[in-house]
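Single-letter residue listing:
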Amino acid sequence: MAIGLDDVVAAETMLSDVDGARGQLVIRGHRLDELAGRASFEQVTALLFDGLIPLPAAMPAAMGAARGEVFGRTRPLLPLLADLPVYDAMRAAVALLADGTETEDALMLVAAPAVLIPALLRQAEGRDMIAPDPTLGHAADAVRMLGLGRDAARAAALDTYLVTVSDHGLNASTFAARVVASTAAGLTSAVLAGLGALKGPLHGGAPGPVLDMLDAIAAAGDARAWLSRAVARGERLMGFGHRIYRVRDPRADALKAAVALLPQTAGRLAEAQAVEAVALDVLRAHRPGRVLETNVEFYTALLLEAVGFPREAFTGVFAMGRVAGWVAHAREQALTGRLIRPQSRYVAHPPVAA
Ligand code: ACO
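Owing to the predicted nature of the structure, the values given are computational and were not obtained by experimental measurement. (Residues numbered from 1 in each chain as written. Predicted model: local features only at pLDDT ≥ 70, side-chain atom pairs only at ≥ 80, totals over all residues. Heavy atoms only, no water.)

1. Some remarks on the pattern of salt bridges
Tallied over the entire structure, the rule returns 26 salt bridges. Residue Arg233 pairs with Glu235 through a salt bridge whose shortest N-O separation is 2.8 Å. By relative accessible area, which is 52% here, Arg233 ends up exposed. (Salt bridge = Lys/Arg side-chain N within 4 Å of Asp/Glu carboxyl O. Buried < 20%, exposed > 50% of the residue type's maximum accessible area, 1.4 Å probe, protein only.)

This is the structure:
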């Protein structure tokens, strides 16, 4: 029995395929390198929804309208969430949305993190929230709502990121979303399950700590000594290792290419590449029999920092992209009509005889 369900196939999906041996991610018949930097997040959301959720005639306009709806519905209540960390406040605000299964519900859920994360960040800094501009692309509007104006380079980098993380097989958060959807609960319930699972550092919570690690190494001045000590203490190096990939995570290269296009990252990128090389060396020596390669979170950290998000918002920005996959998977699961209900093996004492 695999306690972590390592080799268990728990769903059939037409949405994405993760080939861990070849280091290949396919989203609805397209390799990641055909999509990242080429298709917009709205186009990839439409690709994921196709055949599962009726598509609006003009996806960018419908997504823009959905951003406006989310802002209108949640804004009056956001001050009540001011004491929560930004991710928890975003999750609470998503819970305010109707728990339906219609196209309108799906689009509002996909739109929500991109509206809420900038609004909550600005609220935390005591600045006015910026209302969505439905005429802009999704990523461009998120950058604008953050207060960075119309910045094409940042918008393009964020768009590439959102596409890159939009779906990834039956990862922990997608599985959680599918379990909830299998009970015939609504899409908001499924997305809330995904948000809960994404939060942990073994899944979506790693990129903030990646930057903490890079800062600590820069302060210490000796990457090899710092990384070797961390591994010797039994710590996991954030941004490395993966349950499925036995080679380099293809998303790491897609994001590294996008980071390299951003002028803001020049110094940080060189520093990170040097740390990455040493970390891979240290991990090889630590676990010679196990391939521990760079995962998506390492260059995510650099990209999101350069786009202008503070590190406490990184997991929320991951949700901005992955929410498209959660919604599509939830719908796909619900359409099977089959409840997900595995079994557990009881390992405690038998009932005490009366
Ligand atoms: N640093 C140091 N050692 C590691 C790392 C790491 N990043 N990753 C795995 N190992 C070690 C483990 O300690 C384990 O050794 P042990 O058997 O002596 O305990 C061995 O390699 C195998 O690890 P597993 O736990 O079997 O790997 P698993 O597939 O369960 O974990 C995970 C994958 C959770 C991603 C892990 O590699 C990790 O914790 N990485 C750091 C956190 C991170 O980057 N998370 C983001 C993942 S990407 C995503 O979810 C979007």
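Let us keep going from here.
2. Details of the nonpolar core
Core analysis: the largest hydrophobic core is formed by 114 residues, its most contacted members being Leu158, Tyr161, Leu227, Phe309 and Val327. Among the elements that take part in this core, helix H5 (residues 103-124) stands out by supplying 14 residues, more than any other. Formed jointly, this core draws a minimum of three residues from each of two domains, domain 1 (3-203 + 310-336) and domain 2 (207-306). With sequence-adjacent residues up to four places away left out, Val327 is seen in contact with Phe49, Ile53, Ala106, Leu109, Val110, Leu187 and Val191. (Core = buried A, V, L, I, M, F, W, Y, C linked by side-chain atoms within 4.5 Å. Helix = DSSP H or I, 4+ residues; strand = E, 2+ residues; numbered from the N terminus. Domains from an automatic or database assignment. Contact = heavy atoms within 4.5 Å.)

3. Quick look at the packing of aromatic side chains
In total, this model carries two aromatic pairs according to the counting rule given. When the centroid spacing of 5.2 Å and the interplanar angle of 50° are considered together, the rings of Phe240 and Phe298 count as tilted. Here the residue Phe240 occupies a position in the loop between helix H11 (223-232) and helix H12 (250-260), and Phe298 occupies one in helix H14 (residues 296-307), the gap between them amounting to 58 residues. Ring centres of Phe298 and Tyr299 lie 5.1 Å apart, and the angle between their planes is 85°; on these two criteria the pair is classed as edge-to-face. With a relative accessible area of 0%, Phe298 lands in the buried category. One aromatic cluster is present, formed by Phe240, Phe298 and Tyr299 through successive ring pairs. (Phe/Tyr/Trp six-rings, centres within 6.5 Å; stacked < 30°, edge-to-face > 60°.)

4. Observations regarding the side chain of Asp88
Tracing the sequence through the fold places Asp88 in helix H4 (residues 86-94). For Asp88, the side chain forms a polar contact with the side chain of Lys199, separated by 3.0 Å. (Polar contact = N/O pair within 3.5 Å; in protein donor to acceptor, adjacent residues only side chain to side chain.)

5. Re empty space enclosed by the protein
Within the structure shown, the criterion is met by one cavity of 30 Å³ or more. Space inside the largest cavity adds up to approximately 40 Å³. Gly241, His242, Tyr245, Arg246, Val247, Arg248, Asp249, Val291, Glu293 and Thr294 are the residues that line the largest cavity. Of the residues in the lining of the largest cavity, the class split is three nonpolar, three polar and four charged. (1 Å grid on protein atoms, 1.4 Å probe; cavity = no way out; pocket = protein on both sides within 12 Å on 5 of 7 lines; lining within 4 Å. Points joined across faces, edges and corners; volume = space filled by probe spheres on them. Nonpolar A, V, L, I, M, F, W, Y, C, P; charged D, E, K, R; others polar.)

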